Amino acid sequence: MNSSAKKNQDTILTIIGLLAMILLAGTKIVPSSQIAGYSVFVGIAFFFLVEAAAKTRDTDSGLRFRTIFEDIKKPGVLPWMLLPIVSAIATLVVGDLIFDGAFVSHVMGRTSSILSFDAIPLLIGQVIIAALGEEIAFRGFFVGKAMKIVPFWLCAVISSVVFAAGHIAVGTINLVAFDIAGIFIDSMIYAMIYRKSGNCLVCTISHILCNGTGIAAALLFF
């Protein structure tokens, strides 16, 4: 297969994967939908499928364990990594002020189906696994592969809309809108981290710090 045909094959695989993720996440228009979460599994599968089809070298992969420390040291990466921690705290504080405690209850309810808040060791593992899966799917695949076809900012915005939509939960319009807006902003930050580091493991660390901070703050102070 010549390079042109190979590139077309990779593009087609990427588009199929993106459309599948968008369609699955879009089912959250009905908040009680149970299949939106499968968009993450589709993204993970297509990430490895596209990398295998393209015969991506380890040094060019969007998932690199060996270079994680070097990638964190790249210009501008660390400040962006820490930004979601500030975002997590600010979202909880502002949400509590606006919705008088209902926001924290909403977030806890949204995540209770996948997180065990009564078992801290298990909760830590769940947070790590969930963050890794979402980052491989939405940054490693959705942003990393799509930005080879369309401009980065378009990838970042569309992926963040899809990512946020997949987190829609039952609640009042204002409450859900505030929750989704915060998730969209965090997703845009993760996309920027990926652009600067080229490694979704770096995004994963930031995601874990964000979620961990938010959960700890919610349990301790709200």
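Everything below is about the structure printed above this text.
Definitions and cut-offs
Residues numbered from 1 in each chain as written. Predicted model: local features only at pLDDT ≥ 70, side-chain atom pairs only at ≥ 80, totals over all residues. Heavy atoms only, no water. Helix = DSSP H or I, 4+ residues; strand = E, 2+ residues; numbered from the N terminus. Rg over C-alpha atoms; globule rule 2.2 N^0.38 Å. Buried < 20%, exposed > 50% of the residue type's maximum accessible area, 1.4 Å probe, protein only. Areas by Shrake-Rupley, 256 points an atom, 1.4 Å probe, with all protein chains shown as cover. Lys, Arg positive; Asp, Glu negative; His and termini not counted. Charge placed at Lys NZ, Arg CZ, Asp CG, Glu CD. Axes fitted to C-alpha atoms, helices over the stretch in contact; angles between N-to-C directions. Parallel < 35°, antiparallel > 145°, perpendicular 65-115°, else oblique. Left-handed = near helix turned anticlockwise from the far one by under 90°. Contact = heavy atoms within 4.5 Å. Nonpolar A, V, L, I, M, F, W, Y, C, P; charged D, E, K, R; others polar. Phe/Tyr/Trp six-rings, centres within 6.5 Å; stacked < 30°, edge-to-face > 60°. Lys NZ or Arg CZ within 6 Å of the ring centre and 35° of its normal. Expected span 1.5 Å × (residues − 1). Salt bridge = Lys/Arg side-chain N within 4 Å of Asp/Glu carboxyl O. Polar contact = N/O pair within 3.5 Å; in protein donor to acceptor, adjacent residues only side chain to side chain.

Chemist: When you look at the overall build of the protein chain in this model, what are you seeing that I'm missing?
Modeler: Helix and strand counts for the protein chain come out as nine helices and zero strands. The secondary structure elements of the protein chain, listed N-terminal to C-terminal, are α-α-α-α-α-α-α-α-α. The globule rule puts the C-alpha radius of gyration for 222 residues at 17 Å, and the 17 Å found for the protein chain is close to it. Out of the 222 residues belonging to the protein chain, those deemed buried represent 46%. Of the roughly 11300 Å² that the protein chain leaves accessible, carbon and sulfur atoms contribute 72%. Of the side-chain charges in the protein chain, 15 are positive and 13 negative, and the distance between the mean point of each set is 12 Å.

Chemist: When you look at the packing of helix H4 (residues 77–99) against helix H9 (residues 200–221) in this model, what are you seeing that I'm missing?
Modeler: The description of two helices packed together rests on the angle between their axes and the distance between the axes. Where H4 meets H9, the axes come as close as 9 Å, and the angle between the chain directions of the two elements is 25°. Between H4 and H9, the angle falls in the class roughly parallel. In terms of crossing hand, the pair formed by H4 and H9 is right-handed. Between H4, through Val77, Trp80, Met81, Pro84, Ile85, Ala88, Ile89 and Leu92, and H9, the contact on the second element is made entirely by Val202, Ile205, Ser206, Leu209, Cys210, Thr213, Gly214, Ala217 and Ala218. A breakdown of the residues in the contact of H4 with H9 according to their chemical character gives 14 nonpolar, three polar and no charged.

Chemist: Mind showing me how you'd approach the environment of Thr27 here?
Modeler: By secondary structure assignment, the location of Thr27 is in the loop between helix H1 (3–26) and helix H2 (38–53). Distance in space between the C-alpha atoms of Thr27 and Ile215 is 26 Å, their sequence separation being 188 residues. The contact partners of Thr27, leaving out residues within four places of it in the chain, are Ser33, Ile35 and Ala36.

Chemist: For this particular structure, what's the right way to read the packing of helix H8 (residues 173–197) against H9?
Modeler: Viewed as axis vectors pointing N to C, H8 and H9 meet at an angle of 150°, and their least axial separation amounts to 8 Å. The interaxial crossing formed by H8 with H9 has right-handed handedness. Within the contact between the two elements, H8 uses Asp186, Tyr190, Ile193, Tyr194 and Ser197 and H9 uses Cys200, Val202, Cys203, Ser206, His207 and Cys210. In the contact of H8 with H9, the residues fall into seven nonpolar, three polar and one charged.

Chemist: Teacher, can you tell me more about the packing of aromatic side chains here?
Modeler: A ring pair, where both rings are aromatic, is described by two values, the distance of the centres and the angle of the planes. Overall, the coordinates contain eight aromatic pairs when judged by the stated rule. Aromatic pair Tyr38 and Phe41: ring centres 6.0 Å apart, planes at 45°, arrangement tilted. Placement of the pair is Tyr38 and Phe41 together in helix H2, with a separation of three residues, close to one helical turn. Here a set of aromatic residues connected by ring pairs shows up, and it is made of Phe99, Phe103 and Phe178. A cation over a ring is seen here: Arg139 above Phe163, with NZ or CZ 4.7 Å from the ring centre.

Chemist: Before we go on, may I ask you to explain H8 in this structure?
Modeler: Given 3.6 residues per turn, any residue in an α-helix points the same way as the ones three and four places further on. A rise of 1.5 Å per residue sets the reference length of H8, with its 25 residues, at 36 Å; its end C-alpha atoms lie 36 Å apart and thus fit the reference within 8%. One or two positions beyond H8, positive phi appears at Gly198, with a value near 70°.

Chemist: Could you clarify how one ought to interpret the pattern of salt bridges in this entry?
Modeler: Where charged atoms from two side chains of opposite charge come close, those side chains can pair. In the structure shown here, the tally under the stated rule is six salt bridges. Between Arg57 and Asp60 there is a salt bridge whose closest N-O contact spans 2.7 Å. For Arg57, a relative accessible area of 56% puts it in the exposed group. The residue Arg139 makes a salt bridge to Glu135 at a minimum N-O spacing of 2.7 Å. Pair noted here: Arg139 and Glu135 are both in helix H6 (residues 120–146), with a separation of four residues, about one helical turn. This pair shows no difference in class: Arg139 is buried, exactly as Glu135 is. Overlapping salt bridges, with partners in common, bring together Arg64, Asp71 and Lys74 in one network.

Chemist: Would you mind going over the side chain of Ser33 with me for this structure?
Modeler: Tracing the chain through its elements places Ser33 in the loop between H1 and H2. When its relative accessible area of 15% is taken as the criterion, Ser33 is described as buried. For Ser33, the side chain forms a polar contact with the side chain of Thr27, separated by 2.9 Å. For Ser33, the contacting residues outside a window of four places in its chain are Thr27 and Lys28.

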